[in-house]
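# Breakdown of the fold
Listed below are the residues making up each chain.
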Amino acid sequence: MTLRLYDTATRSVRDFVPWEAGKVGVYLCGLTLQAPPHIGHLRSGVNYDVLRRWLLAKGFEVRFIRNLTDIDDKILGKAVEQGRPFWSIAYANERALTGAYQALNVLPPTYEPRATGHVPEMHELIAKLIDTGHAYPATDGSGDVYFDVASWPAYGALSGQLPDAMQAADDAPERGKRDPRDFALWKGAKPDEPADAYWPSPWGRGRPGWHIECSAMCWRYLGAEFDIHGGGLDLTFPHHENEIAQSQAAGLPFARYWVHHGLLSIGGAKMGKSAGNALDLAYVASLGVRPIELRYYYAVAHYRSLIDYTEDSLREWATGFRRIEGFVQRAAERVGPGGFGELPAAFVAAMDDDLNTSAAFAVLQEVIRDGNSALTSGDDVTVRTALGSARAMLDILGIDPLDEAWTGGGRVDDLRDVMDSLVALALEQRAQARSRKDWAAADAVRDQLKQAGVMIEDTPQGPRWTIGEQD
């Protein structure tokens, strides 16, 4: 059967035909590292991990690139506010993100490039755009370079917006722009920003704009044309619109399919640090919900759907997963874990239909019902068949309870690294709360860690954590 994916650019579900037979190149816009990840960010990792696992199951060789934005306005603002190097903030949040993805059994990307490692490629793209009349250096002495939106007639096609109705791009002052809609490719160094946040360039020392970095990294690791560009629905405009414009204007065909996932909201509002409603893995753990159950919560919803988070819904889905897990464990005790069986045709059809995980889970539930009936009747042949089929489906979705990623077999050191990252994230939040004298918030973090079995001791060298009761 043919995999079909919803393509934002054509607003239709299309047959997936790779640019090169048997191979798939995927680029996923990763996190901007101004803050630790919250559970809204982590949905992206799980959704595209399911896509990747399905492509692998269909026999494709997959090159999966997920970038990290380790310099931008928000990160530099945090650096000034906290009196820390911008790269220190970015790296701490990168480690927390890596730990969170490991905890959720997200496969590591083929490569995870940082924006700061690809400034030469950005310079090359910007120079191409200037040479072809699609970009220009500002004449106000700022050192900025802008993309000329009016020079690209197709601008707005991805998002369906009309250029005449667009508001000004808010990424730089309008004084250096020919048109308020023009967006920054390169930003000249500013006196109120960290002194080390710049690189030399033909247009003066400065740093990259947000959009040019992804075009450069796509080009570097996937070539001029590649298969799938992914990201959250909120990135469609302006980020992805700008990526298309600058890439194609520089002569790169760019992405063949645009796959966007829905967001995770809370109370109908987008989750985010600035909104004060960001929840992290430590918070989820305090509810008694395990990472495998959170992954199930993400995966059971169609990737393009909106998830409006509530504690009750998370707990409800966690309970639903425990029923699946219970069958797998009982069946494995009865007939042995065995291997992966055949994927049911209905499951394959659901996954090929724009990754319809909701329909795929319905197939899984039917197999488990048959397996439970067989357990009751003592039909071990049917139990073994149901277990193999269920495990094959759960493996595609990344939530096979017998997978070593969840059992910890052979991965004690990896799990320790994950715990180190997650506890470090919680301790950083506690330190920030104490620095602003929010003692209630600081105590709440400590109490949540204690509830999870992590004990904190404040020492002259800083906080120290251990598992279990302190002496």
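Since we're looking at a predicted model, the values are computed, not measured.

## Examining the UniProt feature "domain: Cysteinyl-tRNA synthetase class Ia DALR" (unreviewed entry) in the protein chain
- The positions that UniProt labels "domain: Cysteinyl-tRNA synthetase class Ia DALR" (unreviewed entry) are, in the present scheme, residues 346–407.
- Taken as a whole, residues 346–407 contains 81% helix and 0% strand, while its terminal C-alpha atoms sit 29 Å from one another.

## Brief notes about the UniProt feature "binding site: Zn(2+)" (unreviewed entry) in the protein chain
- Here, UniProt's "binding site: Zn(2+)" (unreviewed entry) annotation points to C29, C214, H239 and E243. With the annotated positions falling across 215 residues, the maximum pairwise C-alpha distance of 11.1 Å places them together in a single cluster.
- Take C29: it is sitting in the loop between strand 3 (23–28) and helix 1 (39–57).
- Among the residues examined, C29 registers a relative accessible area of 8% and is labelled buried.
- Among residues more than four places away in sequence, those in contact with C29 are N67, C214, H229, G230, L235, H239, H240 and E243.
- Residue position: E243 is located in helix 6 (residues 236–249).
- Of the residues examined, E243 reaches a relative accessible area of 0% and is grouped as buried.

## Details of the sheet that holds strand 10 (residues 254–261)
- Strand order in this open sheet of four strands is 4-3-9-10, and the pairing throughout is parallel. Taken across any chain shown, the strands that pair with only one partner, and hence form the sheet edges, are strand 4 (61–66) and strand 10. Across the sheet, the mean angle separating the axes of adjacent strands is 25° when strand polarity is ignored.
- Note that strand 3 and strand 9 (residues 225–232) share three bridges and pair parallel. Looking at the pairing, V26 lines up with I228 of strand 9.
- Sheet contacts for helix 6: strand 9 and strand 10; angle to strand 10, the most-contacted strand, approximately 175°.

Rules of the game
- Residues numbered from 1 in each chain as written.
- Predicted model: local features only at pLDDT ≥ 70, side-chain atom pairs only at ≥ 80, totals over all residues.
- Heavy atoms only, no water.
- UniProt positions renumbered as here; feature names shortened; annotations may be inferred.
- Helix = DSSP H or I, 4+ residues; strand = E, 2+ residues; numbered from the N terminus.
- Buried < 20%, exposed > 50% of the residue type's maximum accessible area, 1.4 Å probe, protein only.
- Contact = heavy atoms within 4.5 Å.
- Pairing = 2+ DSSP bridges.
- Axes fitted to C-alpha atoms, helices over the stretch in contact; angles between N-to-C directions.

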